[in-house]
Amino acid sequence: MNLYWITRYCRKWILSVSIAVVAILNPISFSGNVCAQGYTNSFLYPFNPAVSKISFTPFTRQGFFRESDTITISTSDSSPIRVMAIDGTLVYSGTPGARQLARGHYFVECNGDRSQFVVLPSDYQGAPFLGVDADAGTDSIYSQRMAQIQPTWVRALTEGQWPVVEPSPGVWNWSTLDQAVTANAGRKIVVTAFMRPNWVTNNFLPQFLTYVTAMAQRYNGRIYGIQIWNEPWFTTVTTNGLAWGDIGNPYTGNIAVDLPVFEQTLATLIQSSRQAIQSVSPSMQIVGPDWSSNNGLTQPLMSLLGSQSMNDFGFHANTGGTPDGLISGDTNGFAEATNLFLPYIGTLPWMMTEFHPFGASALGIPTAGVDPGMPGSGFGWQRGMDRLTKTVVMWRAAGAVAIMPHVLPLCGSDLGSNWEVFGLEYGPGSYGRGPHPKTSAYLMSGYWLNNATFVDSRTPGQQVYLYAWKQPDNSSLVFAWTAEGTTAPLRSTASFITMNLFGKTNTITALSEDPTLFTSPTLSPSALMENILATLTVNYSVPPVWQPVNNQSIQIGQSLQFSVSATDPNNAPITYSAAGLPAGATLDPITGT
């Protein structure tokens, strides 16, 4: 409570009152690092990643099975197998053969080999926001995986690059992009227009507009939109082209000079491209700027663009940092999404057009790093799985129309390229060793949020996270977890239906960093969330934070109106009250006026 005094001075009133702000809190206690779901593997046999003995049919499922499937597990030498659920439970041990399994992620081993697969619900249909890299139409294995993942969105990053479609001035070769557009028919295709050809040494903008206009004309009505450049940046200017971020801006090496020029160059590129593209294809959408670290440039860019901005704001990130991290600024995680661009784009739709989900191998296969030239993430597959679930839940709740993990349908071609960013584990041949648990988590998160409506969230103590949704059948769903490395004990969950990510009912005594799903066919999403909060141990709280208010002065006889405001770190509703108000003064408990 802040106290001020009412003082009369000369012919002015200096008015201050005692105002209290109250947020409904449910304090939490934390202890240990207990895994609520118990995700683990229990391998017993020796393993050689260079040797492949285990295979599955139907082969066209590519390790993405359905509950209705009969799955045949074979070994090349007929050696016995062990099948384990993701919680370490032994499901089967013995001679290879055919089985029907409940939904879940499964590990399989025999003497010398390991593999894995996911069983998705029979009614799995993807989700309106799920996306991946586009099918180039040249790899039947990739096409089969895409058919199982069922993405709504695809991003053609390489097929439409400027040097690919216009290798020399006025000479067009659309064959690669034609094939990709045909292979992804029925999906929302975003084509990335970037990478300056080495023959473009001057007149960058008019030649780029010729390129994107030709693309819009050719694919009018067949693609969703064109992404104007990929990860543009002011330092990547070259003299011979083929620079990743080069948008033709002048470059002096003086950041104070170059950054404003870069901002204006990018704004002009986006505005001019929108005008050119939509002059020949009015419904085609413009996506951009698709940078991953904007260093505070989103606000000035949006100011420069004004009403002629892109149609969809695109951004890049990764799961190198915890998605629920509260670090602001130039970092990865949900804080990056909320702090770096959401405050500045207004009602503009936004999409995560590229992000990299990390996590070590669940099969024990050595990883070459998170990406080429980058060391490993340093965290295990369980945390990688959890982080991807949280990423989908939090970004979707924040309004993302598309969430596209990069290279998700791919696996490494050899042990030296078994990058964490891939969505499938390395295996000899193009098949690989099935989807990584984080990939299963991505698809199951999409399953639960398919056409679900976000209702509300709570973050008590900024250590517990609850996100409440209304599902299409009007039932309620809450995703709940704690900050990494902590647990939140619960008094009782007897009155709740709790499940793991795959829909297996369970009994938990504490929330952990592994998301738990609470469901109810009768309670509203908000009521379900509040009931969960009420079961948390009460010994922790974080008070609301006041926004500064200056002294208010008026002449005698004048009326005074002003507002006070506070933010609640727990995301709970705030109610204002006041004591010591002068006669006739009021305070609105909702608005703070």
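Higher on the page you've got the structure.
Residues numbered from 1 in each chain as written. Predicted model: local features only at pLDDT ≥ 70, side-chain atom pairs only at ≥ 80, totals over all residues. Heavy atoms only, no water.

Here's the deal with the overall build of the chain
For the chain, the count of helices and strands is ten helices and 30 strands. Counting every atom, the chain has about 23,400 Å² of accessible surface; 53% of that belongs to carbon and sulfur. (Helix = DSSP H or I, 4+ residues; strand = E, 2+ residues; numbered from the N terminus. Areas by Shrake-Rupley, 256 points an atom, 1.4 Å probe, with all protein chains shown as cover.)

Brief notes about the pattern of salt bridges
The final tally for this structure, using the stated rule, is 14 salt bridges. For Arg61, the salt bridge identified is with Asp69, shortest N-O distance 2.8 Å. Judged on exposure class, the residue Arg61 and its partner Asp69 are both buried. Its salt-bridge partner being Arg458, residue Asp456 comes within 2.9 Å of it at the nearest N-O pair. (Salt bridge = Lys/Arg side-chain N within 4 Å of Asp/Glu carboxyl O. Buried < 20%, exposed > 50% of the residue type's maximum accessible area, 1.4 Å probe, protein only.)

Section: the packing of aromatic side chains
What the rule picks out here adds up to 32 aromatic pairs. Geometrically, the ring pair formed by Trp174 and Tyr219 is edge-to-face, given 5.8 Å between the ring centres and 75° between the ring planes. Taken as a pair, Trp174 in the loop between helix H2 (162–165) and helix H3 (175–183) and Tyr219 in the loop between helix H4 (204–218) and strand S15 (225–228) lie far apart in primary sequence, 45 residues in all. Just as Trp174 is buried, Tyr219 falls in that class too. Joined through ring pairs, the aromatic side chains of Trp162, Phe194, Trp199, Phe204, Phe208, Tyr211 and Trp229 make up one cluster. Note that Arg387 overlies the ring of Phe379, its terminal NZ or CZ placed 4.3 Å from the centroid. (Phe/Tyr/Trp six-rings, centres within 6.5 Å; stacked < 30°, edge-to-face > 60°. Lys NZ or Arg CZ within 6 Å of the ring centre and 35° of its normal.)

Quick look at the packing of helix H8 (residues 381–397) against helix H9 (residues 437–449)
Contact pair H8 / H9: the axes reach a minimum separation of 8 Å and the direction vectors enclose 30°. One way to sum up the angle between H8 and H9 is to call them roughly parallel. The handedness of the crossing between H8 and H9 comes out as right-handed. On the side of H8, the interface is formed by Trp381, Gly384, Met385, Leu388, Thr389, Val392, Val393 and Arg396, while H9 contributes Pro437, Lys438, Ala441, Tyr442, Ser445 and Leu449. Its residues assigned to classes, the contact of H8 with H9 comprises nine nonpolar, three polar and two charged. (Axes fitted to C-alpha atoms, helices over the stretch in contact; angles between N-to-C directions. Parallel < 35°, antiparallel > 145°, perpendicular 65-115°, else oblique. Left-handed = near helix turned anticlockwise from the far one by under 90°. Contact = heavy atoms within 4.5 Å. Nonpolar A, V, L, I, M, F, W, Y, C, P; charged D, E, K, R; others polar.)

Examining the sheet that holds strand S20 (residues 453–458)
Here five strands make up an open sheet; going across it, the order is S20-S21-S22-S26-S24 and the pairing antiparallel. Every other strand in the sheet has two partners, leaving S20 and strand S24 (497–499) as the edge strands with one partner each. Within this sheet the neighbouring strands show an average axis-to-axis angle of 25°, counted without direction. Here S20 pairs with strand S21 (residues 464–470) via five bridges, running antiparallel. Looking at the pairing, Phe454 lines up with Trp469 of S21. H9 contacts S21, strand S22 (476–482), S24 and strand S26 (516–520) of the sheet and is inclined by roughly 140° relative to S22. (Pairing = 2+ DSSP bridges.)

Side note on the nonpolar core
Ranked by internal contacts, the top residues of the largest apolar core, which has 108 residues, are Phe208, Met215, Ile226, Phe313, Trp448, Phe479 and Leu501. What Trp448 contacts, discounting residues up to four positions off in sequence, is Arg103, Gln471, Leu477, Phe479, Met499, Leu501, Phe502, Gly503 and Leu517. Listed in part, the 16 residues of the second largest apolar core include Val464, Val478, Ala488 and Ile508. (Core = buried A, V, L, I, M, F, W, Y, C linked by side-chain atoms within 4.5 Å.)

A closer look at the environment of Met195
Within the secondary structure, Met195 is located in the loop between strand S14 (188–193) and H4. Judged by relative accessible area, which is 10%, Met195 ranks as buried. Between the alpha carbons of Met195 and Pro163 there is a distance of 6.9 Å; along the sequence they are 32 residues apart.

Observations regarding the environment of Thr210
As for its placement among the helices and strands, Thr210 is situated in helix H4. According to the relative accessible area criterion, Thr210 is partly exposed, its value standing at 45%. Along the backbone, Thr210 and Ile277 are 67 residues apart, and their C-alpha atoms lie at a distance of 9.5 Å.

Quick notes on the packing of H4 against helix H5 (residues 255–280)
Packing of H4 against H5 leaves a shortest axis separation of 9 Å and a crossing angle of 35°. Two packed elements cross with a definite hand, and for H4 against H5 that hand is right-handed. Facing Phe204, Leu205, Phe208, Leu209, Val212, Thr213, Ala216 and Gln217 of H4, the residues of H5 in contact are Thr268, Leu269, Ser272, Ser273, Ala276, Ile277 and Val280. Here the contact of H4 with H5 is built from residues that sort into ten nonpolar, five polar and no charged.

Here's the deal with the pairing of S15
Taken residue by residue, a regular strand's side chains alternate between the two faces of the sheet. Burial along S15 is two-sided: the residues Gly225 and Gln227 and Ile226 and Ile228 are all buried. Pairing of S14 with S15, which is carried by four bridges, proceeds in the parallel orientation. In the sheet register, Ala193 faces S15, and the bridge partner there is Ile228. As a crossover connection, the stretch from S14 through H4 into S15 is right-handed. As paired strands, S15 and strand S16 (residues 285–291) are joined by three bridges and run parallel to one another. The residue bridging Gly225 from the neighbouring strand is Gln285, located in S16. (Right-handed = clockwise from strand over helix to strand, strands pointing away.)

A word on the pairing of S22
When you tally the buried positions in S22, you get seven out of seven residues, the bulk of the element. Judged by which residues are buried, S22 turns out to be covered on both faces: Ser476, Val478, Ala480 and Thr482 on one side and Leu477, Phe479 and Trp481 on the other are all buried. Relative to S22, S21 is paired through seven bridges, and the arrangement is antiparallel. For Val464, the partnering residue across the bridge sits in S22 and is Thr482. Counting the residues between successive antiparallel strands, the hairpin from S21 to S22 contains five residues, one of them, Asn474, with a positive phi of roughly 75°. With five bridges joining them, S22 and S26 adopt antiparallel strand pairing. Looking at the pairing, Leu477 lines up with Thr519 of S26.

A closer look at the sheet that holds strand S6 (residues 71–75)
Pairing is antiparallel in the open sheet, where three strands are placed in the order S4-S6-S9. Of all the strands in the sheet, just strand S4 (54–57) and strand S9 (98–99) have a single pairing partner and so form its edges. Bridge count for S4 against S6 is four bridges, and the pairing is antiparallel. Residue pairing in the sheet places Phe56 in a bridge with Ile73 of S6.

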